[in-house]
Amino acid sequence: MTLPQLFFAYFAVSITGLSLLVVTRKNPVHGVLWMLVLFVHIAMLYLFLNAEFLAAIQIIIYAGAILVLFLFVVMLLNLRVEETERRFQWSWPVGLVAAGGYAVSLIFILVKITVFPQPGHYTIEKMQTEGNLMIIGKVLYTKYLLPFEITSLILLVAIIGAVVLTKKKQE
Amino acid sequence: MVPLSWYIMLSAVVFSIGVLGFLMRRNLIMVFLSIELMLNSINISLAAFSHYLQSITGQIMVFLVITVAAAEAAIGLAILMAFYKNNPTIKADEINLLKG
Amino acid sequence: MKYALIPLLPLIAFMINILFGRRYIKDKAHWVSVPAVIGSFILAVSAFMDVKAGNVINIDIYNWIASGSFKVAIGFLIDPLTAVMLIVVTSISSLIFIYSIGYMHGDGGYYRFYAYLSLFVFSMLILVMANNFLLLYFGWEAVGLCSYFLIGFWFHKKSAADAGKKAFIVNRFGDFGFGLGVILIFLTFGSLEYTHVFGHASVIAGKTINFFGYDVGTITLICLLLFCGAVGKSAQLPLHVWLPDAMEGPTPVSALIHAATMVTAGVFMVARCNPLFDLSPVAMNTVAVVGGVTAIFAATIALVQNDIKRVIAYSTISQLGYMFLALGVGAYSAGIFHLYTHAYFKALLFLASGSVIHALHHAGHHDEQNMQKMGGLKKHMPTTYIVFILATLSITGIPLFSGFFSKDEILYRAFLGGGLGKFLWFLAALAALMTAFYSWRLIYLTFHGKFRGSDEHEHHIHESPKVITIPLWLLAFGAVFAGYVGIPPIFYEHGDRIGEFLAPVLGHPLGHGTHAEEIFVIAVSILVALAGWFIAYTMYLKKTELPQKLEARFQPLHKLLFNKYYIDELYSKTLVQPMLRASDKIFLGFFDGRIIEGVVNGVPSFIASFSRGLRRIQTGVFSSYALVMAIGALCIIAAMVFWK
């Protein structure tokens, strides 16, 4: 095994283990905190894939914003009682079987993929000379301008929706 | 060099764990967290493809997925709050409003 | 485009009123409809001027149906005939719309009334402006629909709802024939365009068609089928029964739809199809006989009726008979001329009687339409009285009033029409005598003598407001002077301007009589008008005990007339009740009870039991749905992976 492969093995094992921890914790706060650790690992994996910008927003948006939102909600709902009850549904074995089936089928599909498209011209050297952020910015504001604008609209809807949903009804 | 298929397998495994959590957990917050997990597994594979195919589109996709995930989390949790105001429970198997 | 606006304005008014009337417009509905219809009137006048300058407008606005060789456009034909109809329809509609502001004031369905009335005007304008038979048929059915809506306007009153149904169903008989006629026209000519059909009419003149084993002239069959529709819509024998009942509707509706415009659609249609009718003597004679017989038939019934609106309704049927008589003897322009003058004086009669009803109603009189309970209204309602007199002078054919010119033209043309024509002239002259009698009887019973209700009611009777009397005056102006466009040439050489104007479409009537004949006819018609007046004067003003005596003396005859020849009863016995009984047994008992209900109840009960079982799996818990969905997606993925 080469060094990169060893690094990957570490990340693969820890990400899988952390994922299992996240979905099995009884206390949601613990689950969210393990998720935080998981996100940091994924961010590092992005670095490994020459995607510095993604690593940054993974930490900033996921860990910094979304998980904090989760923690807020957990605290607001104040679910002390819930912790004493069972954490899984009665049908959890079926879910387990289904998830196992997913894993097996997906791996089977993905292993079968042998034909890949022609590599693009964003080689690693180009990325490194021009800078990851610069390239993403250029592409995002030219080729993908419309999806980008639509995303901003989605965020606007989310803002308004969240305000409307949580607002107290005025009689 | 790490083969692309390893990343893809990691992604598939994490996705399956997300599905597992989504199907098993009773606590709605954990159900949401599982959805985030599934989204992240997809992101891993997208970033890996981007790297191996030397295309920037994968990273753009990750960026868009993260944005949508943020919106989804905000709206989902807002719905959860609004729901909790009316029925003080967030247990997935006790919510049967879909029953006509 | 200007021409398309003529029907479009009322349609827009209808849309606005029907969509926003209930919530927002309510009792301001006339602010929408009245300007719209007045706008139509102004445009109609300008269209008339264009036609008068010698243009004939024939434009296709929109390609409605194009299926193989079957092509129909929404297109307008504005020739002299249409121009005259446009003026009649829009001018009378405008006046009646204004009148209704006062008459319908405070009614709960005020916006609905204006919406339907606008829709009616739209349909009627489409009917007269169409340039093909299908659009004509559309307008034809649409005016029938509006008539149904408006007769049953006070639908909470059972008699009104029934009258609406009756009008609709009786018209169905006629329209069935009319529809077949339109289909036969298409089969014969391969087109529904007026210009094409009328242009090729002479080509198929001699052809016959096998009809239940008999060879019938195609043209004759087409004309008779079309005339079927006219008989229904224009309330001729034997389909006249709906029109008197239609008086259950509000009086402006009776004036607009059931006197001035819709019922004359049949006359218009026959005149429009004159190139076809000209080729079929059989159809022409049928039209003439039906018209002549209806004229006298309805007049006899009108002699003894007591309901003020019913008398006028029978008078309308009778006058429509005159028009058909004119068409039948080939004097199309005389028929249209009478249609035009009749529209004014008959609308005036209805609106004036509406004014009386309105006044009595507001005075708290319960039997507000019964003439036997009226009397002496002259001093309370002077304006209504005067316009009533003017309209009556016109309808009875007193010289110098408009009815005289048009009616005289018809009588003269009938007189020239050979043996059959002479006979029909005799009937028509007799009907004119009766017309004079019942019209003056109506006036004497209503306005003269002493009030036959309670004193308290009499105290409360007042003249109607200005918004009612002003349209009355305007219509009175029309009723008096409308006839001056058609002065007989014997008095003034270029007097028959309307005949000349219509000649490009309707042609000149055949045959010329001597001056002596013409003067004889005119003298007879003046004589009978005066005679009828005199009889009514004697019976209802001088010797008021005479009617009762005569009634006792000729009791069977009076009963026969009073009960309208028992035709309603006859139809009820021979058609309606057997139909109902058969429906009850066969359709309700067998088809509905066994077959339809068996299927209708069987299918749902099966579904119900099936879904009762199915419902168990619908727990309503979202995570179980998610589980099922996940398993389903997994199955698809697995199938994709492991299939081969």
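Keep in mind that what you see is a predicted model, and the values were worked out from it rather than measured.

K.L.:
Looking at this model, I keep getting lost on the overall build of chain C. Mind explaining?
P.N.:
Within chain C, the regular secondary structure consists of 26 helices and four strands. Within chain C, buried positions represent 57% of all 644 residues. Within chain C, counting contacts between residues at least 6 apart in sequence, those at least 24 apart form 79% of the total. For chain C, the exposed surface amounts to about 27,300 Å²; the carbon and sulfur share of it is 69%.

K.L.:
Teacher, can you tell me more about the interface of chain B and chain A here?
P.N.:
In this complex, chain B contributes 70 residues to the contact, which on the side of chain A involves 87 residues. Roughly 7,100 Å² of surface becomes buried between chain B and chain A when both sides are summed, with 78% attributable to carbon and sulfur atoms. There are zero salt bridges connecting chain B and chain A. Scanning the region where chain B abuts chain A turns up eleven residue pairs in polar contact (both at pLDDT 80 or more). Residue assignment for the side of chain B that touches chain A shows that the elements contributing at least two residues are α1 (4–24), α2 (28–52) and α3 (57–86) of chain B. Element by element, the count of residues in the side of chain B that touches chain A is highest for α3(B), at 23 residues.

K.L.:
Just checking my understanding: could you explain the pattern of salt bridges for this structure?
P.N.:
When the charged atoms of two side chains with opposite charge come close together, those side chains can pair. Residue and element names in this part refer to chain C. Summed over all chains, the structure comprises twelve salt bridges over all chains. Where Lys2 meets Asp50, a salt bridge forms, and the shortest distance between an N and an O atom there is 3.1 Å. Note that Lys2 is positioned in helix α1 (residues 2–25) and Asp50 in helix α2 (residues 30–52), a separation of 48 residues in sequence. Two residues, Asp245 and Arg310, come together in a salt bridge whose shortest N-O distance is 3.6 Å. In this pair, Asp245 sits in helix α9 (residues 242–245) while Arg310 sits in helix α14 (residues 308–328), placing the two residues 65 residues apart along the sequence. Connected through shared salt-bridge partners, Lys166, Asp245, Arg310 and Asp568 make up one network.

K.L.:
I tried to follow α1(B) on my own but got confused; where do I start?
P.N.:
Counted at 1.5 Å a residue, the expected span for α1(B) with its 21 residues is 30 Å, and the 30 Å between its end C-alpha atoms agrees. A large share of α1(B) lies buried, amounting to 16 of its 21 residues.

K.L.:
How do you make sense of the interface of chain A and chain C when you look at a structure like this?
P.N.:
The accessible area lost on association of the parts is a frequent measure of interface size. Tallying the contact residues gives eleven residues for chain A and nine residues for chain C. Each partner contributes to the roughly 920 Å² buried at the junction of chain A and chain C, and carbon and sulfur atoms together form 78% of this total. For the interface between chain A and chain C, the tally reads zero salt bridges. Taken together, chain A and chain C are joined by one residue pair in polar contact (both at pLDDT 80 or more). Per-class residue counts for the side of chain A that touches chain C are five nonpolar, five polar and one charged.

Calculation rules
- Residues numbered from 1 in each chain as written.
- Chains lettered and ligands numbered in written order.
- Predicted model: local features only at pLDDT ≥ 70, side-chain atom pairs only at ≥ 80, totals over all residues.
- Heavy atoms only, no water.
- Helix = DSSP H or I, 4+ residues; strand = E, 2+ residues; numbered from the N terminus.
- Buried < 20%, exposed > 50% of the residue type's maximum accessible area, 1.4 Å probe, protein only.
- Contact = heavy atoms within 4.5 Å.
- Areas by Shrake-Rupley, 256 points an atom, 1.4 Å probe, with all protein chains shown as cover.
- Buried area = accessible area lost by both parts, 1.4 Å probe.
- Salt bridge = Lys/Arg side-chain N within 4 Å of Asp/Glu carboxyl O.
- Polar contact = N/O pair within 3.5 Å; in protein donor to acceptor, adjacent residues only side chain to side chain.
- Expected span 1.5 Å × (residues − 1).
- Nonpolar A, V, L, I, M, F, W, Y, C, P; charged D, E, K, R; others polar.

Purely geometric numbers; function is a separate question.
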